[in-house]
Amino acid sequence: APGYATAIAMFDALDATSPLEPHIRSELVGIHIEYSWVLGSLGKREDVDKHIRRSIQIAEDLVKDFPQDLCYGLLLANARISLFGRIGNARPDEMEKMLTRNLVLINGLKALDLPKEVEQNPRRKLILMNESRIIGATYTSLGHLSATQGRKTEAEQNFGEALKHMEKGALEHPHAH
């Protein structure tokens, strides 16, 4: 775990002197999420939320700076999904708004043309390969929220949408699933 903390501190120090390049910031989103998993397994629950929320903040900044980039929208959606397991049941209204914003954001960005560099960048292509999984996980999380609040019909619809997107992802990228 010290390696994550050191890397994050180094990136924060670099960012304080000169803003980090977008591809580095997108990697930092993943680093914070992965570090939150390590912290969770070590029982450091209070730090988990801090790093998940930091990943969300970095991803939100990327979306603000590049509002037409589907890759950054997917990074943000994925970071928000990471928060679901932490606060979903405790703050269902906040989580439902966040998950609904995921769908609005992704659907809006899918209507746009992809930047040309996406096809030449393996990291960005990998993010796009996870689009169906991220959308499916968003619907699954919405389904769980709906079910726990007694909205059975809505839960069934959300789980049905989740399944549709997961199957789509498996068909499009069978080697990845």
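Keep in mind the model is a prediction, meaning the values are calculated, not measured.

Visitor: What exactly am I supposed to notice about the overall build of the protein chain here?
Guide: The helix and strand tally for the protein chain stands at nine helices and zero strands. Going residue by residue from the N terminus, the α and β elements of the protein chain occur as α-α-α-α-α-α-α-α-α. In terms of overall dimensions, the protein chain is globule-like: its C-alpha atoms have a radius of gyration of 17 Å, near the 16 Å expected for 177 residues. The principal-axis extent of the C-alpha atoms belonging to the protein chain is close to 50 × 40 × 30 Å. Put simply, the protein chain has 177 residues, and 40% of those count as buried.

Visitor: Can you walk me through the pattern of salt bridges in this structure?
Guide: Two side chains of opposite charge can pair, provided their charged atoms sit close to one another. One pass over the full model with this rule turns up nine salt bridges. Here Arg 25 and Asp 65 are joined by a salt bridge, their closest N and O atoms 3.0 Å apart. Taken as a pair, Arg 25 in helix H2 (residues 22-41) and Asp 65 in helix H3 (residues 45-65) lie far apart in primary sequence, 40 residues in all. Take Asp 65: its relative accessible area is 45%, and that puts it in the partly exposed class.

Visitor: In this structure, what is going on with the side chain of Ser 55? I would like to understand it.
Guide: Tracing the chain through its elements places Ser 55 in helix H3. A relative accessible area of 0% means that Ser 55 is categorised as buried. Not counting chain neighbours up to four residues away, the residues in contact with Ser 55 comprise Val 29, His 32, Ile 33 and Ala 79.

Visitor: Just checking my understanding: could you explain the layout of surface pockets for this structure?
Guide: Unfilled space is identified by rolling a water-sized probe across the atoms. Size it by volume and the largest pocket reaches roughly 630 Å³. Ser 26, Glu 27, Gly 30, Leu 75 and Ile 127 are the residues nearest the centre of the largest pocket, which is lined by 23 residues in total. Looking at the lining of the largest pocket, the elements with two or more residues in it are H2, helix H4 (70-87), helix H7 (122-129) and helix H8 (131-148). Taken together, the residues that form the lining of the largest pocket break down as 10 nonpolar, seven polar and six charged.

Visitor: It is not clear to me how the environment of Asn 130 should be interpreted in this structure. Could you clarify?
Guide: Mapped onto the elements of the fold, Asn 130 is located in the loop between H7 and H8. For Asn 130, a relative accessible area of 24% gives the class partly exposed.

Visitor: Would you mind going over H4 with me for this structure?
Guide: Given a rise of 1.5 Å per residue, 18 residues ought to cover 26 Å, and the 26 Å separating the end C-alpha atoms of H4 matches this to within 8%. Of all 18 residues in H4, 14 are buried; the element is thus mostly enclosed. Where H4 begins, the side chain of Asp 69 points an oxygen toward the backbone nitrogen of Cys 71, at a separation of 2.9 Å.

Visitor: How should the environment of Arg 124 be read in this particular structure?
Guide: Following the sequence through the fold, Arg 124 ends up in helix H7. Given the relative accessible area of 8%, Arg 124 is considered buried. Each C-alpha atom, one on Arg 124 and one on Tyr 72, is 9.0 Å from the other, the two residues being 52 residues apart in sequence.

Parameters and conventions
- Residues numbered from 1 in each chain as written.
- Predicted model: local features only at pLDDT ≥ 70, side-chain atom pairs only at ≥ 80, totals over all residues.
- Heavy atoms only, no water.
- Helix = DSSP H or I, 4+ residues; strand = E, 2+ residues; numbered from the N terminus.
- Rg over C-alpha atoms; globule rule 2.2 N^0.38 Å.
- Buried < 20%, exposed > 50% of the residue type's maximum accessible area, 1.4 Å probe, protein only.
- Salt bridge = Lys/Arg side-chain N within 4 Å of Asp/Glu carboxyl O.
- Contact = heavy atoms within 4.5 Å.
- 1 Å grid on protein atoms, 1.4 Å probe; cavity = no way out; pocket = protein on both sides within 12 Å on 5 of 7 lines; lining within 4 Å.
- Points joined across faces, edges and corners; volume = space filled by probe spheres on them.
- Nonpolar A, V, L, I, M, F, W, Y, C, P; charged D, E, K, R; others polar.
- Expected span 1.5 Å × (residues − 1).
- Polar contact = N/O pair within 3.5 Å; in protein donor to acceptor, adjacent residues only side chain to side chain.

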